[in-house]
Amino acid sequence: MNPKKIFNTILAVLFVFPLMGTFAQQVPNSGSIEVITTFDYPGAGNLTLPQKINERGDIVGIFLDSNLVSRGFVRFNDGSFSDPIVDPNDTVGLTEGRGINNSRTVCGDYAASDGNFHGFFLSGGTFTEYDIAGAASTLVHSINDAADFAGAFSLTGPNGIHQGFVSVGGTITSFSVPGAIQTLAYEINNSKQLVVGYYIDGSGIVHGYYRDADGALHFPIDPSGSTATILFGLNDKNWVVGRYGDSSGATHGLFFVPPNNFFTFDFPGSTFTSLGGINDQGVICGRYVDASGIAHGFIARVTGTPPTKQAGPQMKAFNSPSLVTPLNPSPSAWGGAMPAR
């Protein structure tokens, strides 16, 4: 597949939900999510997509320049920015910063001339390439302080069927939600209690899931009224963040407390809200989209315990398929619109 087409595929998920025009909810005094500041990666016309935040307050993310070239970045806790992160093997203008731990090791992925995605780790200015053995395409979405990490892979390439994986202590475990045509893992926390992500069911609907310490998959995680749910990040309190769309075309930030409670957050005056990462202090990184379609980063903080509503009923499974066989070899089964960011 042409790498530029891969980029267009990913861009489709960047705005996977239609833009919306809602305002931040008023919540009781028991708790809320409050915006601390907004930020943009330096440069005119850049789209800023924060992904994860560590305990130091450093944020890793992706920015797209005016030519829609994708680069990684780190916003350090003092408000300064790294130079653009570009994997040395990126030949098509697509490098993504996806995860960061407290030692400031960054993980992510890039597209190469072979038409596939490949994972990388960046520490002390040195890139280390990473691919799941036997996989054509590998995505690395997060890394914790013990250097455990989570992501997804496809045996047949970026348009193939993806399975989620976690690497704990150097041991790779792959898994798929039963009946799903795509499963992607987005973060494993330091306690190793939970892995979160999303999957696409046989009807092409996107749902959240989490995998507990026993390897059980809990799904679907869908707030009431959701038409598409993605879980991106979590902390050691098992507070989870993400986004979901509803039937009116709105896209909302999602704060989720397992097993089945959620709180909706909309950036004030925005048309799109997505929460990407949360640390143990309850500090969240996310993005909103303004009226002209430009994505901006923001930092918010959970104060108290936000009031939550009950999510829909969930199922539980102990199915953990191995690395060997993808669930469905047909790219048309999921339409190519992934991975989300």
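These remarks concern the structure in this document. Just so it is clear, the structure is predicted and the values come from calculations on it, not from any experiment. (Residues numbered from 1 in each chain as written. Predicted model: local features only at pLDDT ≥ 70, side-chain atom pairs only at ≥ 80, totals over all residues. Heavy atoms only, no water.)

**Looking at the pattern of salt bridges**
Stage number 1. One pass over the structure, following the stated rule, counts 7 salt bridges.
Stage number 2. We note a salt bridge from arginine 71 to aspartate 90, for which the minimum N-O separation is 2.6 Å. Here aspartate 90 lies in the loop between strand E4 (70-75) and strand E5 (95-100) and arginine 71 lies in strand E4, a separation of 19 residues in the sequence.
Stage number 3. Among the residues examined, aspartate 90 registers a relative accessible area of 11% and is labelled buried.
Stage number 4. Across the pair arginine 98 and aspartate 109 runs a salt bridge whose closest N-O atoms are separated by 3.6 Å. Highlighted residues: arginine 98 in strand E5 and aspartate 109 in strand E6 (residues 106-111), separated in sequence by 11 residues.
Stage number 5. One salt-bridge network, held together by shared partners, links Glu96, Arg98, Asp109 and Arg341. (Salt bridge = Lys/Arg side-chain N within 4 Å of Asp/Glu carboxyl O. Helix = DSSP H or I, 4+ residues; strand = E, 2+ residues; numbered from the N terminus. Buried < 20%, exposed > 50% of the residue type's maximum accessible area, 1.4 Å probe, protein only.)

**Examining the sheet that holds strand E22 (residues 283-289)**
Backbone hydrogen bonds hold the strands of a sheet together, and the pairing may be parallel or antiparallel.
Stage number 1. Here we have 4 strands laid out as an open sheet, ordered E1-E23-E22-E21, and antiparallel in their pairing. Each having just a single partner strand, strand E1 (31-39) and strand E21 (273-278) make up the two edges of the open sheet. Adjacent strand axes in the sheet meet at a mean angle of 30° when their direction is disregarded.
Stage number 2. Across 5 bridges, the pairing between E21 and E22 is antiparallel. Opposite leucine 275, over in E22, you have glycine 286 as the bridge partner. (Pairing = 2+ DSSP bridges. Axes fitted to C-alpha atoms, helices over the stretch in contact; angles between N-to-C directions.)

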